[in-house]
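What follows is the residue order along each chain.
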Amino acid sequence: MKIAVLPGDGIGTEIIAEAVRVLQALELPLELESAPVGGAAYEAHGHPLPEATLALAKAADAVLFGAVGDWKYDKLPRELRPEQAILGLRKQLGLFANFRPAICYEQLTHASSLKPELVAGLDILIIRELTGDIYFGQPRGRRVATDGNFPGAEEAYDTMRYSRPEIERIAHVAFQAARRRSKKVTSVDKSNVLETFQFWKDTVIEVHAQYPDVTLEHMYVDNAAMQLVKAPKAFDVVVTGNMFGDILSDEAAMLTGSIGMLPSASLDQHNKGLYEPSHGSAPDIAGKGVANPLATILSAAMMLRYSLNQAAQAERIESAVQAVLSAGLRTGDIWSEGTRRVGTREMGDAVVAALGGKGVTGLTRS
Ligand code: NAD
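**Considerations on the overall build of the protein**
If you tally the helices and strands in the protein, you get 12 helices and 14 strands. Taken over the C-alpha trace, the protein has a radius of gyration of 21 Å; the compact-globule value for 366 residues is 21 Å, and the two agree within 12%. For the protein, the spread of C-alpha atoms along the principal axes amounts to about 70 × 50 × 40 Å. The buried share of the protein, reckoned over its 366 residues, is 52%. Counting contacts in the protein only where the partners sit at least 6 residues apart, residues at least 24 apart contribute 74% of the total. Total accessible area on the protein stands at roughly 16000 Å², and carbon and sulfur atoms take up 52% of it. In the protein, 37 side chains carry a positive charge and 44 a negative one; their mean positions are 2 Å apart.

This is the structure in structure tokens:
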């Protein structure tokens, strides 16, 4: 099993190092090969997604990705900015389904900004369409307006669009995922205003006919944003478009206490995938050794489950993470009174120790 390891920028290198150590501790026949991506690749090769990195990602069974980006690249032309690497990988690898589980671990209930009773036991799955919508729709650009509110003024425009096959395939993914959970899908749209999302809703309803055992409900995105903080446990699987999913999944992240805890998977038709934490490169804390590596470690667990058919090994990692949290270890983002603050490396060490069945020793609470 070959894994392309793409650390990227900022905290990417620090958190990927810990996920790699956890994978190595499993003693599986994994071949890990690393390549630069994002700003690091721009510095080394003049492009955020060099040909060699793309070739490695295509040849591998799965991709483990850190994070890309730094404010210092903000002045570069858009096509050379680090974030283009992730968009390019999604497109080139045909990764159209983004899975973002938002699970509130019992030990972290108090780290959430919501009342504990609202998030205790939370386990929802946000499925975001990744390759369409306004993020990729053409045409886009800047021009002088010939109509609208200010004819003759400079304006910018993007295009929101979805084709029937794009909506059908993400709807199938959502209904099939719901079958493995509590059999409920909430499709989030803005069909009251946008033609694209009326089409989305109509198409999801058509696909639903093939899944009579799954309950389907529809919700406008503004209401969904509100319900996610009002009664998040009422959701199970949420399926939505690229832009709404981008925003709602970050909102869901905070329900769980920290974005540093949230893994994600982006899958193609054949379950080949790219696995990455839901957060970015966090330039504000990069190089300080304080980033939470658990989202990346849990992303590696998702990789074992979805792309490498190693569900038991995925569970080993997830149990090890639980053990470490139960022992009271916390990086700064999830720290609270009565727990022990640790750095990135120490958190990785603890997960590796827990995997070895050694228990998490010497980790006294302070
Ligand atoms: P961010 O997710 O990097 O950081 C947001 C906040 O969360 C920061 O305060 C950061 O310190 C904190 N944080 C994030 N991950 C953490 C972790 N593991 N442990 C502890 N704290 C953590 O988002 P941002 O600041 O908006 O963006 C920073 C850069 O990352 C930008 O260049 C952006 O474009 C890029 N970005 C990349 C990806 C990606 O690679 N997939 C995703 C989002 C943002």
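**What about the packing of helix 6 (residues 164-179) against helix 7 (residues 195-208)?**
The N-to-C vectors of helix 6 and helix 7 enclose an angle of 50°; their axes lie 9 Å apart at closest approach. The orientation of helix 6 relative to helix 7 falls into the category oblique. Read as a crossing pair, helix 6 and helix 7 show a hand that is right-handed. Residues Arg164, Ile167, Glu168, Ile170, Ala171, His172 and Phe175 of helix 6 form the contact with helix 7, whose own contacting residues are Phe199, Trp200, Thr203, Val204, Glu206, Val207 and His208. Split into classes, the residues belonging to the contact of helix 6 with helix 7 amount to eight nonpolar, three polar and three charged.

**Some details on the environment of Val144**
Note that Val144 resides in strand 6 (residues 141-144). With a relative accessible area of 54%, Val144 lands in the exposed category. Considered as a pair, Val144 and Glu154 are 10 residues apart in the sequence and their alpha carbons are 4.4 Å apart. Those residues within four positions of Val144 in sequence are excluded, and the remaining contacts are Gly152, Ala153 and Glu154.

**Things to note about the environment of His218**
Relative to the elements of secondary structure, His218 occurs in strand 9 (residues 215-220). Assessed through its relative accessible area of 29%, His218 is described here as partly exposed. Sequence-wise, His218 and Gly39 are 179 residues apart; in three dimensions their C-alpha atoms are separated by 40 Å.

**Notes on the nonpolar core**
General note: in soluble globular proteins, nonpolar side chains tend to be found buried as a group. Grouped together as the largest cluster of nonpolar side chains are 87 residues, with contacts concentrated most on Leu64, Phe99, Ile127, Phe175, Val185 and Ile317. Here this core spans two domains, and each of domain 1 (1-96 + 282-366) and domain 2 (97-267) adds at least three residues to it. Within the second largest apolar cluster, 18 residues are counted, among which are Ala57, Ile86, Leu89 and Leu93.

**Some details on the domain arrangement of the protein**
Taken domain by domain, the protein consists of domain 1 (1-96 + 282-366) and domain 2 (97-267). Averaged C-alpha coordinates put domain 1 and domain 2 at centres separated by 24 Å. Each partner contributes residues to the interface: domain 1 has 20 residues there, and domain 2 has 27 residues. Contact between domain 1 and domain 2 buries roughly 2100 Å² in total, counting both sides, with carbon and sulfur atoms accounting for 67%. If you sort the residues of domain 1 by the area they bury against domain 2, Arg90, Phe96 and Met302 come out on top, with a joint share of 34%. Connecting domain 1 to domain 2 are zero salt bridges. Scanning the region where domain 1 abuts domain 2 turns up seven residue pairs in polar contact (both at pLDDT 80 or more). Taken together, the elements giving at least two residues each to the side of domain 1 that touches domain 2 come down to helix 4 (83-92), helix 10 (294-306) and helix 11 (311-326). At six residues, helix 10 tops the list of elements feeding residues into the side of domain 1 that touches domain 2.

**A look at helix 7**
Counted at 1.5 Å a residue, the expected span for helix 7 with its 14 residues is 20 Å, and the 20 Å between its end C-alpha atoms agrees. Every buried residue of helix 7 is listed here: Thr196, Phe197, Trp200, Thr203, Val204, Val207 and His208. Relative to the axis of helix 7, the buried residues are bounded by an arc of 140° and lie together on one face. Against the buried residues of helix 7 lie strand 5 (123-129), helix 6, strand 8 (184-189), strand 9, strand 10 (237-240) and helix 9 (242-255).

**Considering the pattern of salt bridges**
Per the stated rule, a full pass over the model turns up 18 salt bridges. Residues Arg128 and Asp246 are paired through a salt bridge, measuring 3.8 Å at the closest nitrogen-oxygen approach. Here the residue Arg128 occupies a position in strand 5, and Asp246 occupies one in helix 9, the gap between them amounting to 118 residues. For Asp246, a relative accessible area of 24% corresponds to the partly exposed category. The partner of Glu318 in a salt bridge is Arg305, and the shortest N-O contact between them spans 2.9 Å. Here Glu318 is found in helix 11, whereas its partner Arg305 is found in helix 10, with 13 residues between them in sequence. Exposure remark for Arg305: the relative accessible area of 28% places this residue in the partly exposed category. Each member of the salt-bridge network shares a partner with another, and the members are Glu18, Arg21, Arg345 and Asp349.

Criteria and cut-off values
Residues numbered from 1 in each chain as written. Predicted model: local features only at pLDDT ≥ 70, side-chain atom pairs only at ≥ 80, totals over all residues. Heavy atoms only, no water. Helix = DSSP H or I, 4+ residues; strand = E, 2+ residues; numbered from the N terminus. Rg over C-alpha atoms; globule rule 2.2 N^0.38 Å. Buried < 20%, exposed > 50% of the residue type's maximum accessible area, 1.4 Å probe, protein only. Contact = heavy atoms within 4.5 Å. Areas by Shrake-Rupley, 256 points an atom, 1.4 Å probe, with all protein chains shown as cover. Lys, Arg positive; Asp, Glu negative; His and termini not counted. Charge placed at Lys NZ, Arg CZ, Asp CG, Glu CD. Axes fitted to C-alpha atoms, helices over the stretch in contact; angles between N-to-C directions. Parallel < 35°, antiparallel > 145°, perpendicular 65-115°, else oblique. Left-handed = near helix turned anticlockwise from the far one by under 90°. Nonpolar A, V, L, I, M, F, W, Y, C, P; charged D, E, K, R; others polar. Core = buried A, V, L, I, M, F, W, Y, C linked by side-chain atoms within 4.5 Å. Domains from an automatic or database assignment. Buried area = accessible area lost by both parts, 1.4 Å probe. Salt bridge = Lys/Arg side-chain N within 4 Å of Asp/Glu carboxyl O. Polar contact = N/O pair within 3.5 Å; in protein donor to acceptor, adjacent residues only side chain to side chain. Expected span 1.5 Å × (residues − 1). Arc of directions from axis to C-beta.

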